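# Summary of the model geometry
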Amino acid sequence: MAGSKEEFMVYNSMSRQKEIFKPKVPGKVGMYVCGVTAYALSHLGHARAAVNFDVLYRYLQHLGYEVTYVRNFTDVDDKIINRANEVGEDPLSLSNHFCQEYLKDMGDLQCLIPTHQPRVSDHMEHIKDLITQIINKDYAYAVDGDVFFAVEKFPNYGQLSGQRLEHNRAGERVAVDSRKRNPADFALWKSAKPGEPSWDSPWGPGRPGWHIECSAMSAHYLTFNFDIHGGGIDLIFPHHENEIAQSCAACQESSVSYWMHNGHVTNNNEKMSKSLGNFFTISEITERYHPLALRHFLISAHYRSPLNYTVSQLEGSSDAVYYIYQTLQDCEDALSPFQEGSLKEGTEKNDRTVKITLAAQECISKLHNEFETKMCDDLNTAHILTGAFQDALKLINSSLNLLKKKQQRQQQLLMIQSLVEIKKEVQELLNILGLLSSDTYSEVLQQFKVKALKRAGLVEDDVLDQIKERTLARKNKDFAKSDQIRAYLTTKGIALMDLGKETIWRPCVPAGEQPSLPNEQ
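Keep in mind the model is a prediction, meaning the values are calculated, not measured.

Within the protein chain one finds 16 helices and 15 strands. Over its C-alpha atoms, taken along the principal directions, the protein chain stretches across nearly 85 × 60 × 35 Å. The proportion of buried residues among the 521 residues of the protein chain is 53%. Sequence separation of 24 or more characterises 76% of the internal contacts of the protein chain that already satisfy a separation of 6 or more. For the protein chain, the distance from the average position of its 57 positive side-chain charges to the average position of its 67 negative side-chain charges is 6 Å.

Take the pairing of strand S4 (residues 66-71) next. Within a regular strand, side chains alternate between the sheet's two faces. Pairing geometry for strand S3 (residues 28-33) and S4, over six bridges, is parallel. Among the inter-strand pairings, Tyr 32 is bridged to a residue of S4, identified as Val 70. Regarding the hand of the β-α-β motif, the stretch spanning S3, helix H1 (residues 44-62) and S4 is right-handed.

Let us now look at unusual backbone geometry. In this structure, Pro 238 follows Phe 237 across a cis peptide bond, with omega equal to 5°. Structurally, the position occupied by Pro 238 is in helix H6 (residues 236-250).

So, on to the nonpolar core. If you look at the biggest cluster of nonpolar residues, it comprises 94 residues, and the most contacted ones within it are Tyr 309 and Leu 433. Counting residues per element, this core draws most heavily on H1, which supplies ten residues. One finds Val 151, Trp 203, Ile 212 and Ala 245 within the second-largest nonpolar core, a separate group that totals 42 residues.

Right, let's get into H6. Taking 1.5 Å of rise per residue, 15 residues should cover 21 Å, and H6 covers 20 Å from first to last C-alpha, within 8% of that figure. Buried residues dominate H6, accounting for 14 of its 15 residues.

What follows concerns the sheet that holds strand S13 (residues 307-309). Read from one edge to the other, the open sheet built from three strands follows the order S12-S11-S13, with strand pairing classed as mixed. The open sheet is flanked by strand S12 (270-271) and S13, the only strands paired with a single partner.

So, on to the confidence of the model for the protein chain. Mean pLDDT over the protein chain works out to 92, with 92% of the residues at or above the 70 mark. Per-residue pLDDT stays below 50 along residues 346-352; that stretch engages in five contacts with residues further than four places along the chain or on separate chains. Segment residues 514-521: pLDDT under 50, and 25 contacts once partners within four positions in sequence are set aside and those in other chains are kept.

With six bridges joining them, strand S14 (residues 494-499) and strand S15 (residues 502-507) adopt antiparallel strand pairing. Residue Asp 498 lies in a different strand from S15, and its bridge partner there is Thr 503. Taking the residues that link successive antiparallel strands as the turn, the S14-S15 hairpin has two residues, and the phi of Gly 500 there is positive, at about 65°.

Turning next to the packing of aromatic side chains. Scanning the entire structure with this criterion turns up 15 aromatic pairs. Seen in terms of ring centroids, Tyr 139 and Phe 149 are 6.2 Å apart; in terms of plane orientation they differ by 20°. Their pairing is stacked. Note that Tyr 139 is positioned in the loop between helix H4 (124-136) and strand S5 (140-143) and Phe 149 in strand S6 (residues 146-149), a separation of ten residues in sequence. Judged by centre distance (6.1 Å) and plane angle (70°), the ring pair of Tyr 322 and Phe 448 falls under edge-to-face. Of this pair, Tyr 322 sits in helix H9 (residues 311-335) while Phe 448 sits in helix H14 (residues 441-456), and the two are 126 residues apart along the sequence. Of the aromatic side chains, those joined through ring pairs into one cluster are Phe 8, Phe 21, Tyr 59, Tyr 65, Tyr 258 and Phe 371. Directly above the aromatic system of Tyr 11 lies the positively charged group of Arg 304, at a separation of 4.1 Å from the ring centroid.

For the rest of this paragraph, the subject is the side chain of Ser 95. With respect to the helices and strands, the residue Ser 95 is situated in helix H3 (residues 91-108). In terms of polar contacts, Ser 95 uses its side chain to reach the backbone carbonyl oxygen of Asp 75, at 3.4 Å. Setting aside chain neighbours within four positions, we find Ser 95 in contact with Ala 38, Asp 75 and Ile 80.

This part covers the sheet that holds S3. Read from one edge of the open sheet, four strands run S4-S3-S9-S10, paired in parallel fashion. Strand pairing shows two members of the sheet lacking a second neighbour, S4 and strand S10 (255-262), which therefore form its edges. On average, each strand axis in the sheet is tilted by 20° relative to the strand beside it, whichever way the strands run. The sheet contact formed by strand S9 (residues 225-232) and S10 spans seven bridges and is parallel. Each bridged residue has a counterpart across the sheet, and for Gly 231 the counterpart in S10 is His 261. Relative to the sheet, helix H5 (residues 212-222) contacts S3, S4 and S9, its axis offset from that of S3 by approximately 160°.

Here is what the cut-offs are and how they apply
- Residues numbered from 1 in each chain as written.
- Predicted model: local features only at pLDDT ≥ 70, side-chain atom pairs only at ≥ 80, totals over all residues.
- Heavy atoms only, no water.
- Helix = DSSP H or I, 4+ residues; strand = E, 2+ residues; numbered from the N terminus.
- Buried < 20%, exposed > 50% of the residue type's maximum accessible area, 1.4 Å probe, protein only.
- Contact = heavy atoms within 4.5 Å.
- Lys, Arg positive; Asp, Glu negative; His and termini not counted.
- Charge placed at Lys NZ, Arg CZ, Asp CG, Glu CD.
- Pairing = 2+ DSSP bridges.
- Right-handed = clockwise from strand over helix to strand, strands pointing away.
- Core = buried A, V, L, I, M, F, W, Y, C linked by side-chain atoms within 4.5 Å.
- Expected span 1.5 Å × (residues − 1).
- pLDDT = per-residue confidence, 0-100.
- Phe/Tyr/Trp six-rings, centres within 6.5 Å; stacked < 30°, edge-to-face > 60°.
- Lys NZ or Arg CZ within 6 Å of the ring centre and 35° of its normal.
- Polar contact = N/O pair within 3.5 Å; in protein donor to acceptor, adjacent residues only side chain to side chain.
- Axes fitted to C-alpha atoms, helices over the stretch in contact; angles between N-to-C directions.

What follows is the structure, encoded as structure tokens:
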């Protein structure tokens, strides 16, 4: 699957429209994405941002760009200090623990490791230098060891969010302070308080405000001019608005070409938030569902749209990914008896294009074109695994059935080579979306089965006992009991499949009442 011939369009939050993506330096992309404030386990909202921007990272690489991807950790912040005080732990130790937990979650979700993952605590000198530049250009002022940004000095304040200065509140994480010249002024540096971590500075001991860290770290790794700045939609104001003001105050030529923001995650159509107590951590979900199922769910809506979490949606994603991997496993099993030497018989001499069926050619072309068209339209991953992708899986399965029948050697080789090429296209598409595991297909399928048993509250021996009981009932022509056993297991998310004289089981979407996550009871 080569890079797209279409122009890649992205929605720019600054211009509020889709624009053709053109990097500042041909062939290279600089991308900064706001990461997590590490004071608790990461939740579904964090997962959505990480996965959506991972898809962007992967797709830019697929298009042939050399990408420098920076995603930060906020490890110095009021929330971290408050949590550390509650549990009696050192703030930096606490935040380091949750940084590690986040990295584990990202690994589970198959997010590629960014080029740089800077932490605030490692960039104090860069932050202090940037604040000094802003003060020297008369955009900030010091009061009693604190430093505030003077928003009235920046005429374009509000350009990203569309909020007029006189209507702006002080902003989350910014306390109302009578020493400010304007209530909307925000802290660049906070003076040290007893029991809090602090660093020496020209304004006295203290620590950075929330917003300055990203301006300092993005400038350090990408300069003041880079291509993409991303994050959740809730960061537009005040965080990203303040970043723009700071960076432009320090460097008049500061410029981000594209501001990209992902939408909220809702729970049964209500915004997920810690204050409402209706959020789930990533690990709570991956304890019961395969991370690939969660990733599939997270890209099932357009990244800018709200994403509504329900158990049935997650069950549907789990079933969809299982079907994909079962199809790939069946294809691999069918092709394994045919050695590479046999497949070469199906190619023409002088290493020309491999012969495949017309149906396979059309399938691959349609799959490729539909994928690129949707991805070039502002990463429209919604329904990307339906349509042509499902047609490809169906063609693989129907071809596998044909392969079992006796046919001429040349026709058989044509069918085999067609399967090889379709499978290759499917795999590449899954890889760009981050849905292709490094584990074998059979290992992934087994992992899905383990999760399904956990959700059902069963062990595999329970299922095998039910299968034996059902087999005996069928032998005794007690079809009512046979049907009852099958129906019972289906409500638990376990489907029985009769293959000749053998009965096997696989996970399925539970029939009837859906099982719940622990805190959904």
